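Read off the chains here:
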Amino acid sequence: MSTPRRSPRRPATRTAAAPPGRRADRPVDRSADDEIWPRVTRELADDLAVDALTRDRAGKAPFDEVARLQEAGLPALLTAPGPSRRGADLRAACAVVREISAADSSVGELLAHHYALSWSSRFFGPAHDPGDTRSPRALSLDVCTAEEHWLLAGGVEPPRAESGPGLVLTPADGPGGGWILDGRRTFASGVTVADRLVVGARPGGTGDLLVVLVDPAHPGVFTDAGTDRVGQRLAGAGTVTFDHVPVDPGHVLGVLPHDEHAVAPFTTLAPLVLRLLLVQVGLGIAEGALAEARDISRAGQAGPVPGDPAEGPSAAGAAPLGAGDDPYLLLAYGELATAAHAAAAVVERATDALSRGLLAEWALGLEERADIAVLVAAAETVTGRAAVHITTRILELVDGTEGADARGGGPGFDRFWRNARALTAPTQAAHRLRDIGDHYLNGTHARLTLLA
């Protein structure tokens, strides 16, 4: 097992400074609904796609990828929307994450966690009027993230698989108050490159969770990168050890009550936002794999598709036709394109519902929250299955064809399959389907829990 290493100090902003006397004309200065953002996202996706396979093979910490994101201004854009047209709503964030994921799903996962965490002070803090400048709340995370160009990583609730007390807070000595953070926690994305970590810890190891903001450059923070992952290798996953790390009172973002019945429905949207964004990553993987395979087929490089045994031996042994003439190839792409379209339709409905829930904020009711949870679970299940099926079938379609083998310098279609598997493996599809069925048949609400 590798030895945890101290987290390196990172600058808050990785973008180049503007020349003296001239304000930088960067996309980050534009609002989320500006027409420049689709073009910026598309150009960044094209840039990431060029060397996606090379970077996946290298498996290094994604410092270069984060630098590209910062140069494009996406971490500052993808924050919870606020006054002065700052930040991005859920629809805009989903569109960005999906397009980036089609090129490089690891980078898409980085952005998904970042955007979901930018809502932390809203989900877990007290009810707040964004237009009230007299609010006593010490820190609005989305505002600070946009202004400081932070990349966020971390997580609030510990995974189910982890045992023990998790992260623990003890009261700090001295007149300033605050807390001391200790413990060890594994995170799925971004911890090797984040500017700030958002984590949940319990005072004394029991009771309510406090959601706190931590600087990973502190000497007491140690990061052990997860380098042996099957897929999503560039997502920056790893294990973080906190050794007597001070937490200023102003860096306590909010509280998650231990009693789930005391949790507001709006607060329980937090895991649903992350789950839906990760669904967008999975959909991007499927669409990216399908598009690259189509490019090879259009170039006439796709090999023969195994025939249907019911059609007899002549069909199975038929000579390969052109990419546009092979009926089995057309049938295969029709099946896969339909699966992708069906998943996209289910995801769109869930995105609409969750967007309305976020707009409702603290007025959100239990029934509305339950309906949103069911739609997100349906999107998660349908898209997860579609992503694995499409990426598996693509491997069969391009197997042995010129330009498709990663060892020969081709697109390396196995990475799509590996990424889809790694992304969907933690999700228990049977549990999601059971909850959907219970809600449909009995009208039962899923548990109001923060565990995703």
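Residues numbered from 1 in each chain as written. Predicted model: local features only at pLDDT ≥ 70, side-chain atom pairs only at ≥ 80, totals over all residues. Heavy atoms only, no water.

A. Representation of the nonpolar core within the structure. Within the largest apolar cluster, 86 residues are counted, with the highest numbers of intra-cluster contacts made by Leu74, Ile100, Phe123, Leu269 and Leu277. In terms of residues, this core owes the most to one element, helix α9 (residues 269-298), which gives 16 residues. Discounting chain neighbours no more than four positions away, the residues touching Phe123 are Phe266, Thr267, Leu269, Ala270, Val273, Leu358 and Trp362. Residues Ala153, Val191, Leu197 and Val214 belong to the second largest nonpolar core, which totals 18 residues. (Core = buried A, V, L, I, M, F, W, Y, C linked by side-chain atoms within 4.5 Å. Buried < 20%, exposed > 50% of the residue type's maximum accessible area, 1.4 Å probe, protein only. Helix = DSSP H or I, 4+ residues; strand = E, 2+ residues; numbered from the N terminus. Contact = heavy atoms within 4.5 Å.)

B. Just helix α6 (residues 105-117), in detail. Look at α6: 18 Å from first C-alpha to last across 13 residues, which is about the 18 Å you get at 1.5 Å a residue. Burial runs high along α6: 13 of the 13 residues are buried. The opening residue of α6 is Asp104, an N-cap whose side-chain oxygen sits 3.1 Å from the backbone nitrogen of Ser106. (Expected span 1.5 Å × (residues − 1). Polar contact = N/O pair within 3.5 Å; in protein donor to acceptor, adjacent residues only side chain to side chain.)

C. Expanded view of the packing of aromatic side chains. According to the stated counting rule, one finds six aromatic pairs in the structure shown. For the ring pair Phe123 and Phe124, a centre distance of 6.4 Å and an interplane angle of 70 degrees mean the geometry is edge-to-face. The burial state of Phe123 is the same as that of Phe124; both residues are buried. Seen in terms of ring centroids, Phe123 and Phe266 are 5.1 Å apart; in terms of plane orientation they differ by 50 degrees. Their pairing is tilted. Placement of the pair is Phe123 in helix α7 (residues 120-124) and Phe266 in the loop between β9 (252-256) and α9, with a sequence separation of 143 residues. Of the two residues examined, Phe123 and Phe266, each falls in the buried class. Grouping aromatic residues by their ring pairs yields a cluster made of Tyr115, Trp119, Phe123, Phe124, Phe266 and Trp362. Above the ring of Trp119, the side-chain terminus of Arg122 is found at 5.4 Å from the ring centroid. (Phe/Tyr/Trp six-rings, centres within 6.5 Å; stacked < 30°, edge-to-face > 60°. Lys NZ or Arg CZ within 6 Å of the ring centre and 35° of its normal.)

D. Representation of the pattern of salt bridges. Applying the stated criterion to the full structure yields 20 salt bridges. The closest approach of N and O atoms between Arg55 and Asp51, which form a salt bridge, is 3.0 Å. Taking the relative accessible area as the measure of exposure, Arg55 reaches 9% and is therefore buried. A salt bridge links Asp142 to Arg122, with the nearest nitrogen and oxygen atoms 3.0 Å apart. Here Asp142, found in helix α8 (residues 141-148), pairs with Arg122, found in helix α7; they are 20 residues apart in sequence, far enough to count as distant. When salt bridges with common partners are traced through the structure, they connect Asp47, Asp51, Arg55, Asp64, Glu65, Arg68 and Asp104 into a single cluster. (Salt bridge = Lys/Arg side-chain N within 4 Å of Asp/Glu carboxyl O.)

E. Spotlight on the packing of α9 against helix α11 (residues 327-360). Across the interface, α9 lies against α11 with an axial gap of 10 Å and an inter-helix angle of 155 degrees. Relative to α11, the element α9 is oriented roughly antiparallel. The two elements α9 and α11 meet at a crossing, and its hand is left-handed. Looking at side-chain class alone, the contact of α9 with α11 contains 19 nonpolar, four polar and one charged residues. (Axes fitted to C-alpha atoms, helices over the stretch in contact; angles between N-to-C directions. Parallel < 35°, antiparallel > 145°, perpendicular 65-115°, else oblique. Left-handed = near helix turned anticlockwise from the far one by under 90°. Nonpolar A, V, L, I, M, F, W, Y, C, P; charged D, E, K, R; others polar.)

F. Up close: the side chain of Asp326. Along the chain, Asp326 falls in the loop between α10 (313-316) and α11. Here the side chain of Asp326 touches Tyr328 through a polar contact of 3.0 Å, landing on its backbone nitrogen.

G. Spatial organisation of the confidence of the model for the protein. Averaged over every residue, the pLDDT of the protein is 82; the share at 70 or more is 78%. Here residues 130-138 is modelled with pLDDT under 50, and outside its nearest four sequence neighbours on either side it reaches seven contacts, counting other chains as well. Across residues 406-410 the pLDDT falls below 50, and counting only partners more than four positions away or on other chains, this stretch makes nine contacts in the model. (pLDDT = per-residue confidence, 0-100.)

H. View of the environment of Leu234. Considering the arrangement of structural elements, one finds Leu234 in the loop between β7 (221-225) and β8 (238-247). Given a relative accessible area of 2%, Leu234 falls into the buried group. Measuring from C-alpha to C-alpha, the distance between Leu234 and Arg55 comes to 7.9 Å, with 179 residues separating the pair along the chain.

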